Amino acid sequence: MLDNGRLFLNNEAYESTNEADRLRVILTGMGAVIVVIVCLFFAVIELFIGELGFIPFYGIMTLFSLLSLTLLRRASFDVAKIVFIVPVLLVIAVLASIEKQATGVYLYFLAACVYVITIFGYEKIIYSVLFSLLTVALAFVSYFYDINIVESEELTQAYIDTSYITNFIVSLFSSLLAIYFLMRLNIKSNEHLVKTSEELRESENKFQLAVQGSSAGIWEWNSAEDLIHISPKLADLLGYKNGDLKRLTMHGMLSFIHPNDLEDAKEKLLEHFRERTPFSVECRARTKTGDYIWVLDTGQAEWNSEGRATKMVGTVLNIDERKRAETQIQKQNELLAKANEELDRFVYSTSHDLKAPLSSVQGLIAIAELTDDKEELKECLNLMKGRISNLNAFIADITNYSRNSRLGLSIEEVDLKSLLDEVFDDLEYFKGRADISFEMDFPESFSVSTDRKRLKVILGNLLNNAVKYHNYDLENPIVQIKAGHEESQDMIQVIDNGQGIALEHHSNIFDMFYRATERSDGSGLGLYIVKETVDKLQGSITLQSEVDTGSVFTLKLPKPQGIKLLTSIA
Ligand code: ADP
């Protein structure tokens, strides 16, 4: 109980103090107890011999020692030590001045010096030095000056002998006690050191095992040298050998990040340094081969007292597979959403586009059944033919759309002239076609490397519209087809001097079921199919048009190397 300090400490203070502080409290408490016992001892002797002059001093020392014990219980350790040591030193000084060396009171100064250094320790070095100096100073003062505040009788030899022996024993015991505690403190701190370094070694081993076992690469940044040390796993993750990436700076580390992800990564890093928010970023990192892989980079910095980050440790995890799967799912979701939207509009529009010609055929049949007039019957049949060919065109549109989205690309060298001949054949009986002159403005042997069927669908729709929306009031309705090779793409233009399209429709003209004019009896699918097909070929299509002036559709298709790539992914 005495040894572990429970006598001098309350429970709460006992739990919250470390072992070294506890030892110092025990020593302070034991000092106070010794002083009380010694004071009582001398008080009894002096009462017995009738020497009452020193009794008040013993009383003062006893009182302050008891006060000090109370303060220790209340966990006011520093105050308790000062309240104990100062009155004791002052009283020793007074007694020593009166009795000089005869009774051996001076020996207490030596014991007090060792004692104050032990109870305050190196942690409170200012107090240790201050109170040792006070002890030395009081020893000198009491030796050279007479502090005559007590009238004392001539001391008997027997008293002097008893006092000397008692003082010698008590001061020796006190010094030895203090030295014993100093040794224990030393052993305790050594034991603590050994235990801490063992724990450290153990946790280092565990950490090493975790690093080796984990699939994460580890990096550690030291801000003073701006050097990043990376684990073999991280080097491996980036395709390097262990030791390849030595003397890497923070700037060097950031240069591995994909340019498109760099700003985000830098911003998050600065935010971590500034706000101390957790650092975590998903970005693409460049590997030795120059390819990029998706990684999850997380880290934690350490700050100094001025708030500057001095160190940071982080992990890098390969999340490439997960990220690619996510992108794939996202793409599929987008396609699904698009397909759903198209399906909605499709159902709505088809019900109209399929029903309208059918109802009008039904009406025409009813009229035909009632008439005997051959001319009227012929007229009805002609009208029926028109409706049916509308229906046919609509079904052809839907088939083209479905084929485009389902089938892969088949790239070949396509002779433009022969392809256009096929398109014109299909347009042969198209209403109004005969009134229009077609001009071809490209070399006879002009060819493009592309998917033949898809290019036919595109040009078929564009030329169909050029004929359908022509201005028949004109004397010379013309449709021009221009073509040429550009640096990385081939260009084909379909130009007409027809009705033209008002500017407000330009942004929607390639939308599904969009019609720019009430006069159109088409499905509104033609240009949508054109755009979808051009997208499939990774080309582009643009429109320039003015009402009553005409329209220019410009188609651009990627050159062979681009197309090779396309075929491989199609
Ligand atoms: P539609 O079946 O109505 O022809 P498209 O998608 O082919 O559907 O065309 C959409 C609309 O764009 C048409 O309704 C028409 O108003 C306008 N349009 C297309 N091509 C031309 C053109 N060459 N000249 C004028 N208007 C055109």
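Rules used in this analysis
Residues numbered from 1 in each chain as written. Predicted model: local features only at pLDDT ≥ 70, side-chain atom pairs only at ≥ 80, totals over all residues. Heavy atoms only, no water. Helix = DSSP H or I, 4+ residues; strand = E, 2+ residues; numbered from the N terminus. Buried < 20%, exposed > 50% of the residue type's maximum accessible area, 1.4 Å probe, protein only. Contact = heavy atoms within 4.5 Å. Areas by Shrake-Rupley, 256 points an atom, 1.4 Å probe, with all protein chains shown as cover. Lys, Arg positive; Asp, Glu negative; His and termini not counted. Charge placed at Lys NZ, Arg CZ, Asp CG, Glu CD. Pairing = 2+ DSSP bridges. Axes fitted to C-alpha atoms, helices over the stretch in contact; angles between N-to-C directions. Polar contact = N/O pair within 3.5 Å; in protein donor to acceptor, adjacent residues only side chain to side chain. Domains from an automatic or database assignment.

Caption draft 1: Representation of the overall build of the protein. Secondary structure summary: the protein contains 16 helices and twelve strands in total. Principal-axis analysis of the C-alpha atoms places the extent of the protein at approximately 165 × 55 × 40 Å. Going through the 570 residues of the protein one by one, you find that 42% of them count as buried. Of all intrachain contacts in the protein linking residues separated by at least 6 positions in sequence, the fraction that spans at least 24 positions is 66%. Only carbon and sulfur atoms are counted for the fraction: they give 58% of the accessible area of the protein, which is about 33,200 Å². Put simply, the protein has 55 plus and 78 minus side-chain charges, and the middle of one group is 4 Å from the middle of the other.

Caption draft 2: Geometry of the sheet that holds strand β1 (residues 217-222). What the five strands build is an open sheet, ordered β2-β1-β5-β4-β3; its pairing is antiparallel. Sheet topology places β2 (227-230) and β3 (279-286) at the edges, where each strand pairs with a single neighbour. Going from strand to strand, the sheet's axes swing by 25 degrees on average, the running direction of each strand aside. As paired strands, strand β4 (residues 292-303) and strand β5 (residues 309-318) are joined by nine bridges and run antiparallel to one another. Bridged to glycine 299 within β5 is glycine 314. Of the strands in this sheet, β1, β3, β4 and β5 are in contact with helix α10 (residues 259-275), which crosses β3 at around 150 degrees.

Caption draft 3: View of the side chain of serine 128. Looking at the secondary structure, you find serine 128 in helix α6 (residues 125-144). A distance of 2.9 Å separates a polar atom in the side chain of serine 128 from the backbone oxygen of glycine 121.

Caption draft 4: Structural context of the domain arrangement of the protein. The domain architecture assigned to the protein consists of domain 1 (11-194), domain 2 (216-318), domain 3 (324-406) and domain 4 (411-570). The C-alpha-based centres of domain 1 and domain 2 are spaced at 60 Å.

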